[in-house]
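Commentary on secondary and tertiary structure
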Amino acid sequence: MTMRLVAAELVESREILPDQWLQSFHAPALASGSRAGQFVHVRTDDWSGLVLRRPFSLNTIDAATGIVTIHFRTVGRGTEWFTRLRPGDHLDMLGPLGRPFEVDPRSRHLLLIAGGLGMAGVRLLADEAIRDGRQVVLLFGAAGARDVYPSSLLPDEVEYVVATDDGSLGHHGFITELVPDYEAWADQAFACGPAGMLRALAGLAAGRRERLGVAKLGRKRGAGKPLVLGSPQARRKSYLQVSMEQNMGCAVGACLGCVVMGVGGTPQRVCREGPVFASDEIAWEAGW
């Protein structure tokens, strides 16, 4: 879908967790054709004094009603301004931006992993997967029970597994500790959350084939050229895809303010080459 600049009308705004908000907007032009993993860049009203737009993942989409939602945490003047909006107010949204998750057509079992606000990055993929007849397990990690995403906001078909750092709900510990229990079941995994969590998941994904005892088959003669790293085809073949969270300036690839380092030593723009990457595209120890 081509990027568009649209006037989105606020339909509903509610605080679903402490300092976390879910807002619904009527934006038919965005609701048609956008995909899980993509995002919008939103401008606050002129009086706010905030020049830069704010990026928000497309949290859910309903093409029939033209409603899109965003899920965010109040962390400063910009996001606090959004909480003061009322139904009927309009926002200037640019999108859809970025590259989406790539699901292999043959994948039947999807493992989604979210840490904290990372739920916003994978939430739409759960809807798309259920719609396409796939089975979904969603692993969610939070500091404590008060920060756990409400199960009532997920499709009933999703198997929802929670871990909390303090043990107040679900597994006591990090969500990454539960991933090995599902890696044999999952055809592909998709994650969004803190950089440390994604780095740990990338390490697990790198050793998965050996742990499962899966032989790596050589390429058949005449099978064509190797897949280009970062291409949609290569990402569909990757076991783990990650949605990166970086501060953004322009969100269209011009300012280079959101780069992470690729394995080939080439900076990758989260807003253009991402926000979704195959985990083996990122140089996790580069310290960008």
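Everything that follows concerns the structure shown earlier in this document.
Throughout what follows, the structure given in this document is the object of discussion. Note that the coordinates shown come from a computational prediction; the quantities given were computed from them, not determined experimentally. (Residues numbered from 1 in each chain as written. Predicted model: local features only at pLDDT ≥ 70, side-chain atom pairs only at ≥ 80, totals over all residues. Heavy atoms only, no water.)

1. Looking at the pattern of salt bridges
Any two side chains of opposite charge can pair if their charged atoms end up close together. By the definition in use, this model includes 12 salt bridges. Across the pair Asp-147 and Arg-146 runs a salt bridge, and its minimum N-O distance is 3.7 Å. Residue classification places Arg-146 among the exposed positions, given a relative accessible area of 57%. Of the charged contacts, one joins Glu-281 and Arg-235 as a salt bridge, the two residues approaching to 2.7 Å between their closest N and O atoms. Note that Glu-281 is positioned in the segment after strand E16 (276-278) and Arg-235 in helix H5 (residues 232-237), a separation of 46 residues in sequence. Classification of Glu-281 as buried rests on a relative accessible area of 5%. (Salt bridge = Lys/Arg side-chain N within 4 Å of Asp/Glu carboxyl O. Buried < 20%, exposed > 50% of the residue type's maximum accessible area, 1.4 Å probe, protein only. Helix = DSSP H or I, 4+ residues; strand = E, 2+ residues; numbered from the N terminus.)

2. Remarks on helix H4 (residues 195-212)
Compared with an ideal rise of 1.5 Å per residue, which puts 18 residues at 26 Å, H4 spans 26 Å between its outermost C-alpha atoms and is within 8% of the ideal. Buried positions along H4 lie against strand E8 (109-115), strand E12 (188-192) and strand E13 (240-243). Looking one or two places after H4, you find Gly-213, whose phi comes out positive at around 70°. (Expected span 1.5 Å × (residues − 1). Contact = heavy atoms within 4.5 Å.)

3. Description of the side chain of Thr-60
With respect to the secondary-structure elements, Thr-60 resides in strand E5 (residues 60-62). Here Thr-69 takes part through its side chain, which lies 2.5 Å from a polar atom of the side chain of Thr-60. Residues in contact with Thr-60, not counting those within four places in the same chain, are Ile-67, Val-68, Thr-69, Arg-123, Leu-124 and Asp-127. (Polar contact = N/O pair within 3.5 Å; in protein donor to acceptor, adjacent residues only side chain to side chain.)

4. Some details on the pairing of E8
With respect to burial, E8 is a largely interior element, 6 of its 7 residues being buried. Where E8 lies against strand E9 (residues 135-142), 7 bridges are found, and the strand directions are parallel. Its bridge partner being in E9, Gly-115 is matched across the sheet by Gly-141. Handedness of the crossover is the feature at issue here: the chain leaves E8, passes through helix H3 (residues 119-131), returns alongside E9, and the resulting connection is right-handed. Bridging between E8 and E12 involves 5 bridges; their strand directions are parallel. Residue Ala-114 lies in a different strand from E12, and its bridge partner there is Cys-192. (Pairing = 2+ DSSP bridges. Right-handed = clockwise from strand over helix to strand, strands pointing away.)

5. Looking at the pairing of strand E2 (residues 20-26)
Along E2, 6 of the 7 residues are buried, which leaves the element largely enclosed by surrounding structure. Bridge count between strand E1 (residues 4-17) and E2: 7 bridges; the pairing is antiparallel. In the strand pairing of E2, Leu-17 is matched with Gln-20. Sheet topology note: the E2/strand E6 (residues 67-73) ladder contains 7 bridges and is antiparallel. Paired with Gln-20 across the strands is Arg-73, a residue of E6.

6. Considerations on the sheet that holds strand E11 (residues 171-172)
The strands that make up a sheet are held in pairs by hydrogen bonds between backbone atoms, and each pair lies either parallel or antiparallel. In space, the 7 strands of this open sheet follow the order E11-E10-E9-E8-E12-E13-E16, with mixed pairing throughout. On the outer flanks of this sheet lie E11 and E16, each paired with one strand and no other. Note that E13 and E16 share 3 bridges and pair antiparallel. For Ser-243, the partnering residue across the bridge sits in E16 and is Val-276. Lying over the sheet, H3 contacts E8, E9, strand E10 (159-164) and E12, oriented at roughly 160° with respect to E8. (Axes fitted to C-alpha atoms, helices over the stretch in contact; angles between N-to-C directions.)

7. Some points on the packing of aromatic side chains
Remark: the centre distance and the inter-plane angle together describe each pair of aromatic rings, the angle taken between the planes. Counted according to the given criterion, the structure contains 6 aromatic pairs. Put simply, the rings of Phe-56, Phe-72, Trp-81 and Phe-82 pair up and form one aromatic cluster. For Arg-208, the ring lying beneath its charged end belongs to Tyr-239, and the centroid distance is 3.8 Å. (Phe/Tyr/Trp six-rings, centres within 6.5 Å; stacked < 30°, edge-to-face > 60°. Lys NZ or Arg CZ within 6 Å of the ring centre and 35° of its normal.)

8. Quick look at the environment of His-172
Here His-172 lies in strand E11. Residue classification places His-172 among the exposed residues on the basis of a relative accessible area of 56%. Residue contacts for His-172: discarding those within four places in its chain leaves Thr-164, Asp-165, Asp-166, Gly-167 and Glu-177. Only 3.3 Å separates the side chain of His-172 from the backbone oxygen of Asp-165, close enough to count as a polar contact.

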